[in-house]
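Structure at a glance
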Amino acid sequence: QVHLVESGGGLVQPGGSLRLSCAASGNIFMIYNMEWYRQAPGNQRELVAGITRSHAANYADSVKGRFTISRDNAKNTVYLQMNSLKPEDTAVYYCNADSTTSAISSVRTYWGQGIQVTVSS
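Nothing here was measured: the structure is a model prediction, and the numbers come from that model.

Moving on: unusual backbone geometry. In this structure, Asn76 takes a positive phi of about 50 degrees despite not being glycine. Positive phi, close to 50 degrees, is recorded for Ser84, a residue that is not glycine.

In structure tokens form, the structure reads like this:
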């Protein structure tokens, strides 16, 4: 089993910044892609950004130029630097990781519990 724990959320004013972290722990053999999703009230969960093990990144159009995803493979951790935050960025943010628990296990996607980000004056 692999556990993901997000941290770094909270309340910030419009135009401000936050840095989210997501640390994976447990029976980890290899972590492949890692992603950040978000879900606002009444909306579907949407992909915010993703990053491969070799650090290739992709972003939703709504966050391009404002958010940066990165990862530390040695620490099994993914980060989301969020700048120029807008009220419409308010949501619960979730991380996930595609991981194996042994050399012969299948890849599974594990999710964190989510963390609230609120952008408001």
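What follows picks up the thread again.
The next thing to look at is the sheet that holds strand 3 (residues 18-26). The strand order across the open sheet built from four strands is 1-3-8-7, with neighbouring strands paired in antiparallel fashion. For this open sheet the edge positions go to strand 1 (2-7) and strand 7 (67-72), each flanked by a neighbour on one side alone. Pairs of neighbouring strands in the sheet enclose a mean axial angle of 15 degrees, with direction left out of account.

For the coordinates displayed, the defined rule picks out four salt bridges. Asp89 is paired through a salt bridge with Arg38; the nearest N and O atoms lie 2.9 Å apart. Of the two residues, Asp89 is situated in the loop between strand 8 (77-82) and strand 9 (91-100) and Arg38 in strand 4 (residues 30-39); the sequence distance between them amounts to 51 residues. Residue Asp89 is classed as buried on the basis of its relative accessible area of 1%. Across the pair Asp61 and Lys64 runs a salt bridge whose closest N-O atoms are separated by 3.2 Å.

Formed by 29 residues in total, the largest nonpolar core has its most connected members in Trp36, Leu80, Met82 and Tyr93. The set of elements that each furnish at least two residues to this core consists of strand 1, strand 3, strand 4, strand 5 (46-51), strand 7, strand 8, strand 9 and strand 11 (115-119). In this structure, Met82 is in contact with Gly16, Ser17, Leu18, Leu20, Arg66, Phe67, Tyr93 and Val117, ignoring residues within four places of it in sequence.

Criteria and cut-off values
- Residues numbered from 1 in each chain as written.
- Predicted model: local features only at pLDDT ≥ 70, side-chain atom pairs only at ≥ 80, totals over all residues.
- Heavy atoms only, no water.
- Pairing = 2+ DSSP bridges.
- Helix = DSSP H or I, 4+ residues; strand = E, 2+ residues; numbered from the N terminus.
- Axes fitted to C-alpha atoms, helices over the stretch in contact; angles between N-to-C directions.
- Salt bridge = Lys/Arg side-chain N within 4 Å of Asp/Glu carboxyl O.
- Buried < 20%, exposed > 50% of the residue type's maximum accessible area, 1.4 Å probe, protein only.
- Core = buried A, V, L, I, M, F, W, Y, C linked by side-chain atoms within 4.5 Å.
- Contact = heavy atoms within 4.5 Å.

Such coordinate-based values are descriptive only and should not be taken to indicate function.
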